Amino acid sequence: MQDYRKGYNYYQKACEMHGLKPINFQYYMMTLSEEQLAAYNKSANKQLHTPQNIVKIP
């Protein structure tokens, strides 16, 4: 959820720069497309499965 919040914060800043009023976070989440959600999940999976993030249990 943290990354969705980062995306929303980016969206809010872009709206402010262009003088637009952003939609609320709940509506923002409801309007994400399947493509956007798939891209987020793909990115999250890559971050989770990097060698730095793998914990080896002795």
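Just above, that's the structure.
Rules used in this analysis
Chains are numbered independently. Their residues run from 1 in the order of the written sequence. Totals for whole chains, interfaces and linings use all residues, but because this is a predicted model, local features are given only for residues with pLDDT of at least 70 and pairs of side-chain atoms are given and counted only at 80 or more. The side-chain values count all of the structure's non-hydrogen atoms but skip hydrogen atoms and water molecules. Counting from the N terminus, the helices are the DSSP runs of H or I reaching at least four residues and the strands are the DSSP runs of E reaching at least two. The buried label goes to any residue with under 20% of its type's maximum accessible area, the exposed label to any with over 50%, and the partly exposed label to all in between, with areas taken from a 1.4 Å probe on protein chains only. For every accessible area listed, the method is Shrake-Rupley and the probe measures 1.4 Å; residues are considered covered only by the protein chains on display. Definition used in this section: a nonpolar core is a set of buried Ala, Val, Leu, Ile, Met, Phe, Trp, Tyr and Cys residues joined via side-chain atoms within 4.5 Å. Throughout, a contact is declared for two residues whenever any of their heavy atoms are within 4.5 Å. The criterion for an aromatic pair is that two Phe, Tyr or Trp rings (for Trp, the six-membered ring) have centres within 6.5 Å, with stacked assigned to planes under 30 degrees apart, edge-to-face to planes over 60 apart and tilted to the rest. Here, a charge over a ring means that NZ of Lys or CZ of Arg falls within 6 Å of the ring centre while also lying within 35 degrees of the ring normal.

(A) Spotlight on the overall build of the chain. Helix and strand counts for the chain stand at three helices and zero strands. Taken from the N to the C terminus, the helices and strands of the chain come in the order α-α-α. Here the chain holds 58 residues, and 12% of them are scored as buried. On the chain, roughly 5,400 Å² of surface is accessible, and the fraction owed to carbon and sulfur atoms is 57%.

(B) Summary view of the nonpolar core. Counting five residues, the largest nonpolar core consists of Y4, Y8, F25, Y28 and L32. At the level of secondary structure, the elements contributing two or more residues to this core comprise α1 (2-17) and α2 (25-30). Those residues within four positions of Y4 in sequence are excluded, and the remaining contacts are F25, Y28, M29, L32, L37, Y40 and N41.

(C) Examining the packing of aromatic side chains more closely. Evaluated as defined, the whole model comprises five aromatic pairs. With centroids separated by 5.3 Å and ring planes inclined at 80 degrees, the aromatic side chains of Y8 and F25 adopt a geometry described as edge-to-face. In this pair, Y8 sits in helix α1 while F25 sits in helix α2, placing the two residues 17 residues apart along the sequence. Taking 5.1 Å as the distance between ring centres and 65 degrees as the angle between the ring planes, the aromatic pair formed by Y8 and Y28 counts as edge-to-face. Residue Y8 is found in helix α1, and its partner Y28 is found in helix α2; the two are separated by 20 residues along the sequence. Considered together, Y8 and Y28 belong to a single accessibility category, that of buried residues. One aromatic cluster is present, built from ring pairs that chain together Y8, Y11, F25 and Y28. One cation-aromatic arrangement involves R5 over F25; the distance from NZ or CZ to the ring centre is 3.8 Å.

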